[in-house]
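Survey of secondary and tertiary structure
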Amino acid sequence: MSFPETYHLGKLDTRCKPANEAGRLREIQELEIFGVDAIPEIDRITSLANRIIGADDVGIHVVGESRQYLLSSNHAIPKEKRYFDRNGCCANVVLRGEPLVINDIEKDERFNQNEQVKEHGVKSYVGIPLTTERGHVLGTLCAYNWTERKEWGDEKLEMMKEFAVMAERALQLRKATLKSFKDAQAEEIKSNKLIEEKRTRAQIAASEAESSAAVAKNDFKQHQIAQCRG
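Criteria and cut-off values
Position numbers for residues count from 1 along each chain, tracking the sequence in the order it is written. Local features in this predicted model are restricted to residues whose pLDDT is 70 or higher, and side-chain atom pairs enter the listing and the counts only when it is 80 or higher, whereas totals over whole chains, interfaces and linings include all residues. With hydrogens and water set aside, each side-chain value is computed from the structure's full complement of heavy atoms. Each helix is a run of DSSP H or I of at least 4 residues and each strand a run of E of at least 2, with the numbering of both proceeding from the N terminus. Each residue's exposure class comes from its accessible area (1.4 Å probe, protein chains only) as a fraction of the maximum for that residue type: buried when under 20%, exposed when over 50%, partly exposed otherwise. Any two residues whose heavy atoms approach within 4.5 Å at even a single point are treated as in contact. For accessible areas, the Shrake-Rupley method is used with a probe of radius 1.4 Å. Any residue's cover is judged against the shown protein chains and nothing else. Strand pairing is defined by DSSP finding a minimum of two bridges between the two strands. Axes here refer to lines fitted to C-alpha atoms; in helices the fit is confined to the stretch in contact. Angles between the N-to-C directions go from 0 to 180 degrees. On a scale of 0 to 100, pLDDT captures the predictor's confidence in every residue. The salt bridge definition used is simple: a Lys or Arg side-chain nitrogen within 4 Å of an Asp or Glu carboxyl oxygen. Nonpolar side chains (Val, Leu, Ile, Met, Phe, Trp, Tyr) are joined into patches within 5 Å and like charges within 9 Å, using only residues with over 30% relative accessible area and no salt bridge.

1. Re the overall build of the protein
- Along the protein, the regular secondary structure elements total six helices and eight strands.
- Each helix and strand of the protein, ordered N terminal to C terminal, gives the series α-β-β-α-α-β-β-β-α-β-α-β-β-α.
- By residue count, 39% of the 230 residues in the protein fall in the buried class.
- Put simply, of all contacts in the protein between residues at least 6 apart along the chain, 64% involve residues at least 24 apart.
- Accessible surface computed for the protein: about 13700 Å², of which carbon and sulfur atoms make up 52%.

Okay, structure coming up:
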């Protein structure tokens, strides 16, 4: 898919989606990462990457159905300002499934008119896809500069790829942890249900036994009365 087919005046054609879009969105939902306040393991990765890469910021964007969410950043950004339209650089990385490196956005016709780029004054960008074991690209680990343009270079690109792998592993661990927690919850609910069913059956059995005893006692009394009268 060529850029002229997907871009017009700096906007990504939102009709263009990855072939596995439905599964990709399901996995984002399973991971519970869209709109979450913070994930310490992820924040540590972006913090370390930012110090080593030397960018103005290194963040992680999760690209949803129509919006993308800034999951992690080295700047204190209120949650309500972490949502963006799905038409920027990170959305392109998700669509193509491969790294995107831009040393000078002003000279890049795909993005120099992009509203997000212009609003935040982004001058250079590099984005690495975050891919799950199922092959879904959930978002990006990206670095950007707005104070000055910087050549990323092969070394920094490779370092970004390594940090992306770390982020992918952190997400895999989160997925496994969430699954274990939910499985444990389901097992607890099932166990509690069985206990409640046993308690109910015991109560019914006790009630039936008490009723049978009362009937037997009454029959015995009636029998004694009949004998006395006889």
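2. Some words on the pairing of strand β3 (residues 57-63)
- Most of β3 sits inside the fold, with seven of its seven residues counted as buried.
- Going residue by residue along β3, you find D57, G59, H61 and V63 tucked away on one face and V58, I60 and V62 tucked away on the opposite face as well.
- In terms of strand pairing, β3 meets strand β8 (residues 137-145) through six bridges, oriented antiparallel. Of the residues in β8, the one forming a bridge with V62 is G139.
- Both β3 and strand β4 (residues 67-72) contribute to a ladder of four bridges, which runs antiparallel. Paired with I60 across the strands is S72, a residue of β4.

3. Comments concerning the sheet that holds strand β7 (residues 124-131)
- Read from one edge of the open sheet, six strands run β5-β4-β3-β8-β7-β6, paired in antiparallel fashion. Each edge of the open sheet carries a strand with a single partner, namely β5 (83-85) and β6 (100-102). Strand-to-strand twist in this sheet, taken as the mean axis angle between neighbours without regard to direction, amounts to 25 degrees.
- Examined bridge by bridge, β4 and β5 share three bridges and lie antiparallel to one another. The residue bridging Q68 from the neighbouring strand is F84, located in β5.
- Lying on the sheet, helix α2 (residues 21-31) is in contact with β3 and β8; it crosses β8 at an angle near 80 degrees.

4. Describing the confidence of the model for the protein
- Model confidence for the protein is summarised by a mean pLDDT of 83, while 83% of its residues fall at 70 or above.
- Segment residues 1-10 is flagged for pLDDT under 50; beyond a separation of four residues in sequence, or across chains, it makes 22 contacts in the model.

5. Some points on the environment of L178
- With respect to the element layout, L178 can be found in helix α6 (residues 153-229).
- Aside from chain neighbours lying at most four places away, what touches L178 is E30, L31 and E32.

6. A few points about the pattern of salt bridges
- Taken as a whole and assessed by the stated rule, the structure comprises nine salt bridges.
- Between K175 and E27 there is a salt bridge; the shortest N-O distance is 3.0 Å. Of this pair, K175 sits in helix α6 while E27 sits in helix α2, placing them 148 residues apart in sequence.
- With relative accessibility at 2%, the residue E27 sits in the buried group.
- Note that D108 is salt-bridged to R110, the shortest N-O span being 2.5 Å. R110 shares its class with D108; the two are buried.

7. Considerations on the environment of M160
- By secondary structure assignment, the location of M160 is in helix α6.
- In the structure, M160 is positioned 110 residues away from N50 in sequence and 9.7 Å away in space, judged by C-alpha atoms.
- Once residues lying within four places of it in the same chain are set aside, the contact partners of M160 are I53, V126, I128, L141, C142 and A143.

8. A short note on a nonpolar patch on the surface
- On the surface, L48, I52 and M166 cluster together into a nonpolar patch covering about 220 Å² of accessible area.
- Position of M166 relative to the elements: it lies in helix α6.
- Look at M166 and you get partly exposed, because its relative accessible area is 35%.

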